[in-house]
Amino acid sequence: MKASEIRSRFLAFFAARGHTIVPSSSLVPTDDPTLLFTNAGMNQFKSVLMGLETRDYVRAASVQKCMRVSGKHNDLEEVGKDVRHHTFFEMLGNWSFGDYTKRDSIVWGWEFLTDEMALAADRLWVSVYKDDDESYAIWRDEIGVPAPRIVRLGNIERGDEENFWSMADTGPCGPCTEIHFDQGAAMQCDHPAGCAVGVCDCDRWLELWNHVFMEFDRDKDGALSPLPLKSVDTGLGFERLVAVMQKVTSNYETDLFTPLIAKVAELSGREPVGADRVSMQVIADHARAVTFTVADGARPSSEKRGYVVRRILRRAARHGHLLGLDQPFLWQVADLVIAQMGDAYPELPAERETVLAVIRKEEERFLRTLAAGLEIYTRFKEQMRREGRTTVSGEEAFKLHDTYGFPVDLTAVIAGDDGLTVDEDGFTRCMNAQRERSRTQTQYMAGIGAWQPVEPSRSLAGYRNRFVGYDVLQAVSKPVAVRAGGETADGAALTHVLCAETPFYAEAGGQVGDTGMVTLLPSGEQLPVVATVAAAAGSVCVVRAATDALLVQLGEAERIELVVDPVWRLSVMQHHTATHLLHAALREVLGDDVEQRGSVVAPDRLRFDFSHDGPVAPADLERVEELVNSHVLANRAVIRHDEVPLAEARRRGAMALFGEKYGDRVRMIEIHGDAQADPVASADAGPLVSLELCGGTHCRLTGDVGPVRIVSETGVAAGVRRIEAVAGEQALALAAGDRRAVAALGDLLRRDGRPLADQVAQLVAERDALRDELAGVQHASARDALEAAIANPQSVAGIALVAARVTADDRDALMKLGDHVRDQIGSGVVVLAAQWEDKATLIATVTPDLVEGGRLCAGDLVKAIAASVGGRGGGRPHMAQAGLPDPSQIDPALAAAPEVIEKLIG
């Protein structure tokens, strides 16, 4: 049975049992700051399962796109080396939100596997939580699974959470039952305690389907109390099920992967065996991952999820390099992924051109990185040679990896070819230090451990605080809970504080979180709020304070006063409203194809990424800035619409962020053509300027934004451009700086009344003329020196040698000059070197009589000369070239030529 049929039959099976088929959510989550990528089918239903949201259905089924690139069995460097772990995968799932419970979930799961998929019942084993007698009885008495094939596992009292699932240390949780497939005795391991479900983790017992029954609310002491709304959350591993159905023991042998591996084999001309097979599996897996992530809006970059996408793509490119693929190739494999998966995921063909362009551009960038990394490695190698070392230090290997994107295993391969080793333990220490820095940042955003209620008896299950910051910047509230928040770079302790209501806006949708002050009443003690972050319980203040001590203080406080920094908030609002005006202006000038691809809204700047092919013309950019400022000067109303039905917002044409997931009710920000002081006025007055779905904070009138200045326009990925701009006080400061710079320039120039631009243009022209004159003198001098060398060549073992430093416009000119000199000397060897900025190139040419007589080969000659100074090179018998570490090595390299020739001719 083909994978596509399995996928469609799963959805049809549950649709026939009253389930609403819900499309996969984006791989790029927008409403959960703790996730880089969607990693489970339940992510899009998290708020429903926690009782924070309701849907118009109580049964759901989906096939969810997932990414896991960390954690047990998901170390990126290990993916592709075994048979069943991946970065990208699909998860089949069905859910009940307060509707059916254990019996229906178990019965339907069994029916789908044994009836719909026709799996042999005697090869299915199940596990249940040790105290879950209800599930055990259903399996044994209703399904008829023999008792020896039902395994009781877990013991949460002893810290063993096997077959017991929880969302966090506290909150919704419950027992689960898992269905395992016995792949046969041939897959059996030699675990000391025996090969069995719940004992070992070998491939014989393949976990297929996990059914989680969320029945309890766990408090901070570990006590369980029944949930009023009992839910079911299941996950069936699609790739594993396909492998079982296609009777193979490796996911990579299914029709999900075999066409991709065959494509890589075709491109590389290699057979999929041994180490080459592993590389092909890596490429097949990673091609799927980057195709889906890029289609969902992620872009390779140096930050957060963009960094993960870049790592995955470059790891695939690195394995391509190991297969001899030295030109961009992954985009071709990605194209096959789109053709293969496009029917199930229509976003793939819709984004095909963008996906392929992004992947190809990143591959090209990596190839340049590879070249740069080799150059840096060569410098390290030369330094090692001078110091008498034979080991690349951990710090050097880490710098190659972290700064230049040069993989450590590739460093080890190249070092091995040079007879060197790599201090991999030292590299690991550097990597661990970097991970610790990253962990601290994660703690800062997501908090550490469980919430500690200020009132010890209070349960936080399903709790969400109230945000009042759209209307006020100050509120008096009751503290609800705290949790540790890591520490600042200077070691100061941070604590997350959850209040019943708060005016502090949490970082979301590209807008930074508020800062300000929390005051404990009646003591008056003040705590600076350094950031505001989002959590499942709502908007959370991050304050400078030790958690345990603050918990005691909050318990003693009658209430707390929360005050947002008004200067910070105003600057943020100015930049956020300016972002909406910028978006509208870009669409007016460049066309409706412009769509937002991301943004950053801070108090000192805005950054706006948008879809557009090619740079924005200067005239268009000027027109965009003019339009934005015209709307500012018109002082138009910025109207807020809360709790608008999503269908109504779409009907009105409200723009949504690409890849964003929205609830049933949304918030709209509208700017229309007439100046209007009332922020809740009717939207019917005047032409529409902008209408966007947005949860951020905004000015009430566009005039409050102040002047807007575009600072830069650049490209960030294929088909994606980026504008950076400033508004309000920052725009005025930029203008003042420009004015001072112009005044300083005027002071340096002659005061002859001409425009400064004309005077500067004249100076540039004079400078260029002088440069041309100097270059002419240098060329003439070099030509004279070369002519002298041709007239009086060195004699090395009876062979004429012309070795000289020359000037040439580029590498092609240098090679042509080499051909010219070779023709001039009749018989002999020519070695020439030139530099361009900080790079040095050396070429060697050998006349035909020496090549055909077998006495000399230009490739061997240039390689040996370059190696003598730490460079690398090679080429054809008649002509070859090499790169030298830097221009200072030109003279030593030329001086080495006679000795190298003597050695080569014996």
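Residues numbered from 1 in each chain as written. Predicted model: local features only at pLDDT ≥ 70, side-chain atom pairs only at ≥ 80, totals over all residues. Heavy atoms only, no water.

Colleague: Could you clarify how one ought to interpret the overall build of the protein in this entry?
Modeller: Along the backbone of the protein there are 24 helices and 34 strands. The proportion of buried residues among the 906 residues of the protein is 50%. Look at the contacts in the protein between residues 6 or more apart in sequence, and 69% of them connect residues 24 or more apart. For the protein, the exposed area adds up to about 40400 Å²; of that, 50% sits on carbon and sulfur atoms. Counting 96 positive and 131 negative side-chain charges, the protein places the centres of these two groups 0 Å from one another. (Helix = DSSP H or I, 4+ residues; strand = E, 2+ residues; numbered from the N terminus. Buried < 20%, exposed > 50% of the residue type's maximum accessible area, 1.4 Å probe, protein only. Contact = heavy atoms within 4.5 Å. Areas by Shrake-Rupley, 256 points an atom, 1.4 Å probe, with all protein chains shown as cover. Lys, Arg positive; Asp, Glu negative; His and termini not counted. Charge placed at Lys NZ, Arg CZ, Asp CG, Glu CD.)

Colleague: Where do I start with the sheet that holds strand β22 (residues 596-601) in this structure?
Modeller: Read from one edge to the other, the open sheet built from four strands follows the order β22-β23-β28-β27, with strand pairing classed as antiparallel. Two strands lie at the open edges of the sheet, namely β22 and β27 (708-717), each paired on one side alone. Ignoring strand direction, the axes of neighbouring strands in this sheet form an average angle of 15°. Of the strands in this sheet, β22, β23 (606-611), β27 and β28 (720-727) touch helix α16 (residues 566-590), which is tilted by about 25° from β23. Running at roughly 135° to β27, helix α17 (residues 618-633) makes contact with β27 and β28 of the sheet. (Pairing = 2+ DSSP bridges. Axes fitted to C-alpha atoms, helices over the stretch in contact; angles between N-to-C directions.)

Colleague: Sorry, what's going on with the sheet that holds strand β32 (residues 839-846) here?
Modeller: In a beta sheet, neighbouring strands pair by backbone hydrogen bonds and run either parallel or antiparallel. Pairing within the open sheet is mixed, and its six strands lie in the order β29-β30-β31-β32-β34-β33. Looking along the sheet, the strands with just one partner apiece sit at the ends: β29 (794-796) and β33 (872-875). Shown here is a sheet whose adjacent strand axes are inclined to one another by a mean of 20°, direction ignored. Pairing between β32 and strand β34 (residues 879-884): six bridges, direction antiparallel. Residue Ile 843 lies in a different strand from β34, and its bridge partner there is Gln 881. Along the sheet, helix α23 (residues 858-867) makes contact with β31 (829-836), β32, β33 and β34, crossing β34 at roughly 15°. Of the strands in this sheet, β29, β30 (799-805), β31, β32 and β34 touch helix α24 (residues 890-904), which is tilted by about 170° from β30.

Colleague: Just to check I follow, could you spell out a nonpolar patch on the surface for this structure?
Modeller: A surface patch of nonpolar side chains, about 330 Å² in accessible area, is lined by Leu 745, Leu 748, Val 760 and Val 764. Listed by contribution, the elements that provide at least two residues to the nonpolar patch are α19 (729-748) and α20 (756-791). Take Leu 748: it is sitting in helix α19. The class of Leu 748 is exposed, set by a relative accessible area of 73%. (Patch = residues over 30% accessible without salt bridge, like charges linked within 9 Å, V, L, I, M, F, W, Y side chains within 5 Å. Salt bridge = Lys/Arg side-chain N within 4 Å of Asp/Glu carboxyl O.)

Colleague: I'm lost on α19 in this one. Help?
Modeller: Helix length check: α19, at 20 residues, gives a terminal C-alpha distance of 29 Å against a target of 28 Å (1.5 Å per residue), a fit within 8%. Within α19 the residues assigned to the buried category are Ala 731, Ala 736 and Gly 746. The buried residues of α19 occupy one face: seen down the axis, they fall within an arc of 140°. Every exposed residue of α19 that faces more than 90 degrees away from the buried side is listed here: Glu 729, Arg 740, Asp 747 and Leu 748. (Expected span 1.5 Å × (residues − 1). Arc of directions from axis to C-beta.)

Colleague: Explain the nonpolar core to me, please; I cannot follow it from the model alone.
Modeller: Ranked by internal contacts, the top residues of the largest apolar core, which has 86 residues, are Phe 112, Leu 119, Trp 139, Trp 209, Leu 241 and Leu 330. If you tally residues by element for this core, the top one is helix α7 (residues 274-295), at nine residues. Apart from residues lying up to four places away in sequence, Phe 112 is in contact with Arg 9, Phe 10, Phe 13, Met 117, Trp 209, Leu 236 and Leu 241. If you look at the next biggest cluster of nonpolar residues, it comprises 29 residues, including Ala 585, Val 594, Leu 606 and Phe 610. (Core = buried A, V, L, I, M, F, W, Y, C linked by side-chain atoms within 4.5 Å.)

Colleague: How do you make sense of the state of the cysteines when you look at a structure like this?
Modeller: Where two cysteines share a covalent bond between their sulfur atoms, that bond is called a disulfide. Going through the model one piece at a time under the given rule, you end up with zero disulfides. The thiol sulfur of Cys 176 is not disulfide-bonded, and the nearest other cysteine sulfur, from Cys 173, lies at 11 Å. (Disulfide = S-S within 2.5 Å.)

Colleague: Even after reading the chapter, I still don't get the pairing of strand β2 (residues 59-67), so can you show me in this structure?
Modeller: Within a regular strand, the side chains alternate between the two sheet faces. Among the nine residues in β2, eight count as buried, and that is most of the element. Examined bridge by bridge, strand β1 (residues 20-21) and β2 share two bridges and lie parallel to one another. Residue pairing across strands places Thr 20 opposite Ala 60, the latter belonging to β2. Note: β2 against strand β3 (residues 88-97), nine bridges, orientation antiparallel. Each residue of the ladder has a partner; that of Ala 61, found in β3, is Asn 94.

Colleague: Help me out: how do you make sense of the packing of helix α3 (residues 102-116) against helix α4 (residues 133-143) in this one?
Modeller: Any two packed helices are characterised by the angle at which their axes cross and by the distance between the axes. Packing of α3 against α4 leaves a shortest axis separation of 10 Å and a crossing angle of 45°. Comparing their axes, α4 and α3 come out oblique. In this structure, the crossing between α3 and α4 has a hand that is right-handed. Between α3 and α4, the residues in contact are Lys 102, Arg 103, Ile 106, Val 107 and Trp 110 and Glu 134, Ser 135, Ile 138, Trp 139, Glu 142 and Ile 143, respectively. (Parallel < 35°, antiparallel > 145°, perpendicular 65-115°, else oblique. Left-handed = near helix turned anticlockwise from the far one by under 90°.)

Colleague: What should I look at first to understand a negative patch on the surface in this one?
Modeller: The grouping of Asp 160, Glu 162, Asp 201 and Glu 207 at the surface amounts to a negative patch. The topology assignment puts Glu 162 in the loop between β5 (150-153) and β6 (164-166).

Colleague: I'm lost on the packing of aromatic side chains in this one. Help?
Modeller: Any aromatic ring pair is given by two values, namely how distant the centres are and how the planes are angled relative to each other. Evaluated as defined, the whole model comprises 21 aromatic pairs. Residues Phe 45 and Phe 97 carry aromatic rings whose centres are separated by 5.4 Å and whose planes lie at 50° to one another, so their mutual orientation is tilted. Placement of Phe 45 in the loop between β1 and α2 (46-49) and of Phe 97 in strand β3 is noted, with a sequence separation of 52 residues between them. For the ring pair Phe 467 and Tyr 505, a centre distance of 6.0 Å and an interplane angle of 70° mean the geometry is edge-to-face. Note that Phe 467 is positioned in strand β13 (residues 466-467) and Tyr 505 in the loop between β17 (501-502) and β18 (516-521), a separation of 38 residues in sequence. Phe 467 gets classed as partly exposed once you look at its relative accessible area, which sits at 27%. (Phe/Tyr/Trp six-rings, centres within 6.5 Å; stacked < 30°, edge-to-face > 60°.)

Colleague: Whenever I open this one, the pattern of salt bridges confuses me. Can you help?
Modeller: Pairing between side chains of opposite charge can happen when the charged atoms of each approach one another. For the structure shown, the criterion picks out 51 salt bridges. In this structure, Glu 670 and Arg 652 form a salt bridge, with 3.4 Å as the shortest nitrogen-oxygen distance. Here Glu 670, found in strand β25 (residues 665-675), pairs with Arg 652, found in the loop between α18 (646-651) and β25; they are 18 residues apart in sequence, far enough to count as distant. Relative accessible area serves as the criterion here: at 31%, Arg 652 is assigned to the partly exposed category. Beyond isolated ion pairs, a larger network of salt bridges with shared partners links Lys 102, Asp 132, Glu 134 and Glu 215.

Colleague: Can you help me understand unusual backbone geometry in this one?
Modeller: Keep in mind that most residues, glycine aside, have a negative phi and that most peptide bonds are trans. Cis peptide bonds are those with omega within 30 degrees of zero, and the linkage from Leu 521 to Pro 522 qualifies with 10°. In this fold, Pro 522 is placed in the loop between β18 and β19 (526-535). The backbone of Ala 118 sits at a positive phi, close to 60°, despite the residue not being glycine. Looking at the element boundaries, Ala 118 is found in the loop between α3 and β4 (124-129). In the Ramachandran plot, Lys 247 falls in the positive-phi region, its phi being about 60° despite a non-glycine side chain. You can see Lys 247 is positioned in the loop between α5 (238-245) and α6 (258-268). Overall, Lys 247 belongs to the exposed group, its relative accessible area being 75%.

Colleague: Sorry if this is basic, but what is going on with helix α1 (residues 3-15) here?
Modeller: Working note: α-helix, 3.6 residues per turn, so residues spaced by three or four point in the same direction. Relative to the 18 Å expected for 13 residues at 1.5 Å per residue, α1 spans 19 Å between its end C-alpha atoms, a close match to the ideal helical length. Inspection of α1 places Ala 3, Ile 6, Arg 7, Phe 10, Phe 13 and Phe 14 among the buried residues, and these make up the whole buried set. One side of α1 holds all its buried residues, which, seen down the axis, span an arc of 130°.

Colleague: Mind showing me how you'd approach the environment of Val 869 here?
Modeller: With respect to the helices, strands and loops of the structure, Val 869 is situated in the loop between α23 and β33. Taking the relative accessible area as the measure of exposure, Val 869 reaches 4% and is therefore buried. Along the primary structure Val 869 and Pro 479 are separated by 390 residues, whereas in three dimensions their C-alpha atoms are 68 Å apart. If we ignore the near neighbours within four places in the chain, the residues touching Val 869 are Glu 382, Leu 884, Pro 885, Gln 889, Pro 892 and Ala 893.

Read these as spatial facts, not as claims about activity.
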